[in-house]
Structures are given as C-alpha cells and as structure tokens.
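Report on the structure
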Amino acid sequence: LELAASSARIYGPRIVFESNHNNLGFWSHADDRAEWTVQVARGGEYEVWIEYACDNATAGNEFLLTLGTETLRGVVKGTGTWDDYATTKFGSVTLKAETVEGAFASAASPRSFLIDLRRVILKPAAR
C-alpha cells in the first residue's frame, strides 16, 4: 500500500505539495498534517517505510503516523540535504482488512522544518 504525497489531503497553515519533488514540504507548523483514506485488502502486520528528505541541520523532530487505531511515533533523521531522499523503515503496525484513515503529523511544534515527505509505504511483513 502506498500513501503518496500527491494523493494526500493536506491541512495546516504552512504545508504545501511541491510538484517539482512530488513531496509535502514547508512542514513547519504544529497544525500541518497529511491525511489519506486507505483500503486494506488483507489484514495483518505491515512494515512502515517512509520515503523522505530532511536536511541534517533540521533533523530530530518527532512525527506521529496514525493508521486506524494504530499509532507509530518516530524521529526524522537527516538524509543530507533537502534534495537527498531516502527510504527508511520506521516500524510496523497491525491492520484489519477494512478502510482506515491515516494521518502523518508532527508530534509537537517542529524546530524549523519537519520533513519533505514523498510517500508512506506499507509492506506486508514477512511471515
């Protein structure tokens, strides 16, 4: 399952979709967030991967990813510059086969900028 920046509903005073990088950027306010509606076809455990960029100088902000009743908290690590993208596993969640609401947000007011988010990827965990 892929939660792409281009298909997100975005809310907040500063967050924008940057078409040149296909990401959500300028994420700098506590009220900035992205939301998706996700149809989970098969219930089970999913690895959560995030494709993003974050300048090393602004790394360290915490985020919350909510998928249905599951919440994952993580710390945004630096990828070098805002142009250096990485895909990193941040944890796992257990989802039921149903339609769930997902949201990605800062856990608190970000110091500088939170992240340039391209997509959240949910991969079925190896059995």
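For the structure, check the block above.
For clarity, every value in this text was computed on a predicted model and none was experimentally measured.

Focus: the overall build of the protein
The number of helices and strands found in the protein is zero helices and eleven strands. Each helix and strand of the protein, placed in order from N terminus to C terminus, yields the pattern β-β-β-β-β-β-β-β-β-β-β. For the protein, whose C-alpha radius of gyration is 14 Å, the value lies close to the compact-globule estimate of 14 Å for 127 residues. Dimensions along the principal axes, computed over C-alpha positions, put the protein at roughly 40 × 25 × 25 Å. With 127 residues in all, the protein has 42% of them scored as buried.

A look at the nonpolar core
Counting residues in each nonpolar core, the largest one holds 31 residues, and the members touching the most others are W27, W36, I50, F104, I115 and V120. Broken down by secondary-structure element, the contributors of at least two residues to this core are β5 (33-39), β6 (44-53), β7 (62-67), β9 (85-95), β10 (99-106) and β11 (116-124). With four residues, β6 is the largest single contributor of residues to this core. Other than its neighbours up to four places away in sequence, I115 contacts L24, G25, W27, I50, Y52, A53, V76, W82 and F104.

Focus on the sheet that holds strand β2 (residues 9-11)
Strand order in the open sheet formed by five strands is β2-β5-β10-β7-β8, with antiparallel pairing between adjacent strands. Each edge of the open sheet carries a strand with a single partner, namely β2 and β8 (70-75). The sheet shows a mean angle of 20 degrees between the axes of neighbouring strands, taken without regard to direction. As paired elements, β2 and β5 share three bridges and run antiparallel to each other. Within the sheet, the bridge partner assigned to R9 lies in β5 and is E35.

Some details on a nonpolar patch on the surface
A cluster of nonpolar side chains, namely V16, F26 and F113, defines an oily patch on the protein surface of about 240 Å² accessible area. Along the chain, V16 falls in strand β3 (residues 16-18).

Quick word on unusual backbone geometry
Phi at N22 takes a positive value of approximately 55 degrees, unusual for a residue other than glycine. Note on placement: N22 falls in the loop between β3 and β4 (23-25). Using a relative accessible area of 44% as the deciding quantity, one classes N22 as partly exposed. At S112, a residue that is not glycine, the phi angle is positive and equals roughly 65 degrees. Mapped onto the secondary structure, S112 falls in the loop between β10 and β11.

Thresholds, definitions, all that
Residues numbered from 1 in each chain as written. Predicted model: local features only at pLDDT ≥ 70, side-chain atom pairs only at ≥ 80, totals over all residues. Heavy atoms only, no water. Helix = DSSP H or I, 4+ residues; strand = E, 2+ residues; numbered from the N terminus. Rg over C-alpha atoms; globule rule 2.2 N^0.38 Å. Buried < 20%, exposed > 50% of the residue type's maximum accessible area, 1.4 Å probe, protein only. Core = buried A, V, L, I, M, F, W, Y, C linked by side-chain atoms within 4.5 Å. Contact = heavy atoms within 4.5 Å. Pairing = 2+ DSSP bridges. Axes fitted to C-alpha atoms, helices over the stretch in contact; angles between N-to-C directions. Patch = residues over 30% accessible without salt bridge, like charges linked within 9 Å, V, L, I, M, F, W, Y side chains within 5 Å. Areas by Shrake-Rupley, 256 points an atom, 1.4 Å probe, with all protein chains shown as cover. Salt bridge = Lys/Arg side-chain N within 4 Å of Asp/Glu carboxyl O.

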